[in-house]
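Here is how the chains run, residue by residue.
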Amino acid sequence: MDESELFILWMGFFVAMAGVGLTFTAPMHRIYFRGNPGPGLVRAALILSVAWVWLVCMVWADESVQGVYVPFYMALGYAATKLFGHAGSRWIGFRYRVEVLERRNVSAALVIAAFTLATGLIFGGSLWGDADPVGDDEGGWWIVGAFFLMGWVFLVAAFRIYLRRERARFRGRTGSLRRSHDLEDGKAAALFLLAAGVTLTDAVSGDFWGWRHGILTFGVLAGLLLAHEIFAGIARGGGGGPAGAPRDASASTSGGVAPEQRSGGLRATEGLVYLFLAVAAWGVNRLLDVVLGAG
């Protein structure tokens, strides 16, 4: 490791400490954690993120990523995920200590955990592949950092658009998704984040064969947001009232199905569509890798 890499490793340490400081919960009473699955969900997301970075380093990273560079990138991956994912949930309007611990909002915990894991996936994706598949040039931490920041900014932007449309969709309800304890809303938002994370991981990963590869994958984000709009229209058209009317489980509906139940099924389908689009985009890009590599 050269001096610049040692400097970046120290910077990663301070970044990680900043993330720990912003999410520090040790002084809080144990009652906030008792029977609360939220903190465990976020911790699991952090662990999975670091494990993902390790797997990429072992299997799919550039040949130069070996030896001391494996823990080097794992440390940077933890720092990036802790600050930009766990603590960075503030950028999407979710405060970990307030929503997850003080309010015991499991729906918000799902969103924060998904955002954290999506951030980790993107960092691992930025390590994936050969920076110069037809030459002998090696990559470096600056390439990883640039692709990670690009993917993370797109993740935040896409989800903020999602949240803006959610507020319009549920105008008149008791608060936004952040204050709502509706698990179906939280699951749909978490699946959107994971689908966007998988899509952006694919966008920043792989051997660089040209811009068509990246443009196609970033375009899938538009498909995710379009799917959100379609399901919002279905909910408005069949929710038993105008967009933004409060849900009323006692209201009669066709077939005797309460709006809460129908909304839950619609939300589950919406989440599955997000994941299908992400996996389909991943498969198409893997096919492009094979075709372009063979060419």
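Here's a quick rundown of the structure.

Criteria and cut-off values
- Residues numbered from 1 in each chain as written.
- Predicted model: local features only at pLDDT ≥ 70, side-chain atom pairs only at ≥ 80, totals over all residues.
- Heavy atoms only, no water.
- Helix = DSSP H or I, 4+ residues; strand = E, 2+ residues; numbered from the N terminus.
- Buried < 20%, exposed > 50% of the residue type's maximum accessible area, 1.4 Å probe, protein only.
- Contact = heavy atoms within 4.5 Å.
- Areas by Shrake-Rupley, 256 points an atom, 1.4 Å probe, with all protein chains shown as cover.
- Expected span 1.5 Å × (residues − 1).
- Polar contact = N/O pair within 3.5 Å; in protein donor to acceptor, adjacent residues only side chain to side chain.
- Axes fitted to C-alpha atoms, helices over the stretch in contact; angles between N-to-C directions.
- Left-handed = near helix turned anticlockwise from the far one by under 90°.
- Nonpolar A, V, L, I, M, F, W, Y, C, P; charged D, E, K, R; others polar.
- Patch = residues over 30% accessible without salt bridge, like charges linked within 9 Å, V, L, I, M, F, W, Y side chains within 5 Å.
- Salt bridge = Lys/Arg side-chain N within 4 Å of Asp/Glu carboxyl O.
- Phe/Tyr/Trp six-rings, centres within 6.5 Å; stacked < 30°, edge-to-face > 60°.
- Core = buried A, V, L, I, M, F, W, Y, C linked by side-chain atoms within 4.5 Å.

1. Considering the overall build of the protein
Then, in step 1: Of the regular secondary structure elements, the protein holds nine helices and zero strands.
Then, in step 2: Overall, the protein shows an N-to-C arrangement of helices and strands of α-α-α-α-α-α-α-α-α.
Then, in step 3: In the protein, which comprises 295 residues, the proportion classed as buried is 44%.
Then, in step 4: Put simply, 82% of the contacts in the protein that link residues at least 6 apart link residues at least 24 apart.
Then, in step 5: When the accessible area of the protein is evaluated, it comes to approximately 14500 Å², of which 66% is carbon and sulfur surface.

2. Quick look at helix 5 (residues 106-127)
Then, in step 1: Across its 22 residues, helix 5 extends 32 Å between first and last C-alpha, which sits within 8% of the 32 Å expected from 1.5 Å per residue.
Then, in step 2: A side-chain oxygen of the first residue of helix 5 lies 3.0 Å from the backbone nitrogen of Ser-107; this N-cap is Asn-105.
Then, in step 3: Where helix 5 ends, the next residue or the one after it, Gly-129, has phi of about 100°, a positive value.

3. A short note on the packing of helix 1 (residues 3-22) against helix 3 (residues 69-86)
Then, in step 1: One way to put it is that helix 1 packs onto helix 3 with a least axis distance of 8 Å and a crossing angle of 35°. Like other packed secondary-structure pairs, helix 1 and helix 3 cross with a definite hand, here left-handed. Residues Glu-5, Ile-8, Leu-9, Gly-12, Val-15, Ala-16, Ala-18, Gly-19, Val-20 and Leu-22 of helix 1 form the contact with helix 3, whose participating residues are Tyr-69, Phe-72, Ala-75, Leu-76, Tyr-78, Ala-79, Lys-82 and Leu-83.
Then, in step 2: Residue classes in the contact of helix 1 with helix 3 are distributed as 14 nonpolar, two polar and two charged.

4. What to know about the environment of Gly-19
Then, in step 1: Relative to the helices and strands, Gly-19 resides in helix 1.
Then, in step 2: If near-sequence neighbours (up to four positions away) are discounted, Gly-19 is found in contact with Lys-82, Leu-83 and Ala-87.

5. With respect to a nonpolar patch on the surface
Then, in step 1: On the surface, Trp-54, Leu-55, Met-58, Val-59 and Trp-60 cluster together to form a nonpolar patch covering roughly 450 Å² of accessible area.
Then, in step 2: Structurally, the position occupied by Val-59 is in helix 2 (residues 38-59).

6. Details of the packing of aromatic side chains
Then, in step 1: Throughout the structure, instances matching the rule amount to 19 aromatic pairs.
Then, in step 2: Taking the centre distance of 5.9 Å and the plane angle of 85° together, the rings of Trp-141 and Trp-142 count as edge-to-face.
Then, in step 3: Residue Trp-141 is classed as partly exposed on the basis of its relative accessible area, which comes to 28%.
Then, in step 4: These aromatic residues form a ring-pair network of at least three members: Phe-84, Trp-91, Phe-115, Phe-123, Phe-148 and Trp-152.

7. Quick notes on the nonpolar core
Then, in step 1: Grouped together as the largest cluster of nonpolar side chains are 58 residues, with contacts concentrated most on Leu-155, Phe-159 and Tyr-162.
Then, in step 2: Of all the secondary structure elements, the ones that give two or more residues to this core are helix 2, helix 3, helix 4 (96-102), helix 5, helix 6 (141-169), helix 7 (183-204), helix 8 (211-238) and helix 9 (259-294).
Then, in step 3: Per-element accounting of this core gives the leading share, 13 residues, to helix 5.
Then, in step 4: Residues contacting Phe-159, with those up to four places away along its chain left out, are Ile-92, Phe-94, Val-111, Ala-189, Phe-192 and Leu-193.

8. Digging into unusual backbone geometry
Then, in step 1: A positive phi angle, close to 50°, is found at Arg-104, a residue other than glycine.
Then, in step 2: With respect to the helices and strands, the residue Arg-104 is situated in the loop between helix 4 and helix 5.

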